[in-house]
Protein chains: 2
Amino acid sequence: MADPTDTLVPFAADRPKTRLSDVLSPAERRAFADAMLDDVLAALSAAGFRPRLLTTEPTDRDVPETVDERPLSDAVNAAVAAHDPSPAAPLAVVMADLALATPRALSRLRAPGDVVLAAGLGGGTNALLTRRPEFRVDYHGGSYLDHLRAARRVDASVREVDSRLLATDADERADLAEVLSHGDGAARDWLVDAGFELDTGDGRVSVVREG
Amino acid sequence: MADPTDTLVPFAADRPKTRLSDVLSPAERRAFADAMLDDVLAALSAAGFRPRLLTTEPTDRDVPETVDERPLSDAVNAAVAAHDPSPAAPLAVVMADLALATPRALSRLRAPGDVVLAAGLGGGTNALLTRRPEFRVDYHGGSYLDHLRAARRVDASVREVDSRLLATDADERADLAEVLSHGDGAARDWLVDAGFELDTGDGRVSVVREG
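Residues numbered from 1 in each chain as written. Chains lettered and ligands numbered in written order. Predicted model: local features only at pLDDT ≥ 70, side-chain atom pairs only at ≥ 80, totals over all residues. Heavy atoms only, no water.

The name given to chain A in an unreviewed UniProt entry is 2-phospho-L-lactate guanylyltransferase, and the organism recorded there is Halobaculum litoreum. Heading Sequence similarities (unreviewed entry) of the UniProt record for chain A holds this comment: "Belongs to the CofC family." Turning to chain A, the UniProt annotation filed under Catalytic activity (unreviewed entry) states: "(2S)-2-phospholactate + GTP + H(+) = (2S)-lactyl-2-diphospho-5'-guanosine + diphosphate". (UniProt positions renumbered as here; feature names shortened; annotations may be inferred.)

Here is the structure:
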């Protein structure tokens, strides 16, 4: 088997999942974010990636971590520069809230290409892999189109990974329905334990919480 | 090249896209639905599928059509029974509002398996292919999990296609941002002509419409 692929997993330990504040308390958001991180780390390891947390404050997890308080893009770019990615030493960046990510879906990041991109819902970039040292990230706003442009700017070949499981990050209430419908890890268990259930009506499935 | 794969494309010609009524007039919803259908039919044909419209009322399109006024699941199941799917004569069912579906993504429906399923966002089933005559659909509510169960009930092997492009149906306002961000066909052009633009702020990209 090939060497594990070094992988950054950015984690906002100090203020996780603020857009879920209408359905979860701060302590719950932290617990749910931890459960998703458990799932992502387990799936990465099962797929032969070697994760390193890039966290805004120290965690007590049994996984290598770099603490960097700067904004996400600055912290990731510093780590990319330090890694100096190449075809022999690619670097992946995988978001910590991909509650549906499976080892099989993550493995698709190893597709050929200088830069491999997996879009998130809402214009973001949920996972990527770079084999080029000069590629830089910019997660602000609609980052996916920006990353396509950034790759073009450095003449990098791009592979787009078409994955629903990697596109689903759990940012907003509607995303919880995806985790309940399709998840099978710690994040789904946490939601079930917290009293969330699927609400199947007309249109899309949503969630309700037991009082 | 193999024979084209027969494919049903259900189309609610009489009441399209009702969940977009907060942003589009009835005439606009019909025009947008037509543009998405153009894109889906073109992508299917390019990928070697032979589409047949399953429509609630006659259209004047240059594509074979079956008119069936019954609810979606009844109409599809009647067509499935008439086709009598088998490994030599599979039948696909692809929704008409998959504005991001590419030939490559659609080709993944030909993966091995008695029943091949591609989930939609919100618990639905956006595309499927059956090689088994006794598999029946039920699109009500969270149909994806129901279809997994239905396949199990008839002892069919299931392949799940993990595709963001097939998962994205344009049902709600937030979906329009996906079409604007990632589309490149008639549906995207229609939105641009209608004055829609991406609104890139914090969080997910959304759409605004020029007054």
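Caption draft 1: Representation of the overall build of chain A within the structure. When helices and strands are counted, chain A shows seven helices and nine strands. Computed over the C-alpha atoms, the radius of gyration of chain A is 17 Å, within 12% of the 17 Å expected from 2.2 N^0.38 for a compact globule of 211 residues. With the C-alpha coordinates aligned to their principal axes, the bounding extent of chain A is approximately 55 × 40 × 35 Å. For chain A, with 211 residues in total, the buried portion stands at 56%. Contacts in chain A between residues at least 24 apart in sequence constitute 60% of all its contacts with a sequence separation of at least 6. Element-wise, carbon and sulfur atoms account for 48% of the exposed surface of chain A, whose accessible area totals about 9000 Å². (Helix = DSSP H or I, 4+ residues; strand = E, 2+ residues; numbered from the N terminus. Rg over C-alpha atoms; globule rule 2.2 N^0.38 Å. Buried < 20%, exposed > 50% of the residue type's maximum accessible area, 1.4 Å probe, protein only. Contact = heavy atoms within 4.5 Å. Areas by Shrake-Rupley, 256 points an atom, 1.4 Å probe, with all protein chains shown as cover.)

Caption draft 2: Representation of the pattern of salt bridges within the structure. Residues and elements named next belong to chain A. All chains considered together, the criterion is met by 28 salt bridges over all chains. For D171, the salt bridge is made with R19, and the minimal N-O distance between the two is 3.1 Å. Taken together, the positions of D171 in the loop between α5 (164-167) and α6 (173-182) and R19 in the loop between β1 (5-11) and α1 (26-46) put the pair 152 residues apart, joining distant regions of the chain. Here D171 falls in the buried class, since its relative accessible area comes to 12%. Of the charged contacts, one joins R19 and E172 as a salt bridge, the two residues approaching to 2.7 Å between their closest N and O atoms. (Salt bridge = Lys/Arg side-chain N within 4 Å of Asp/Glu carboxyl O.)

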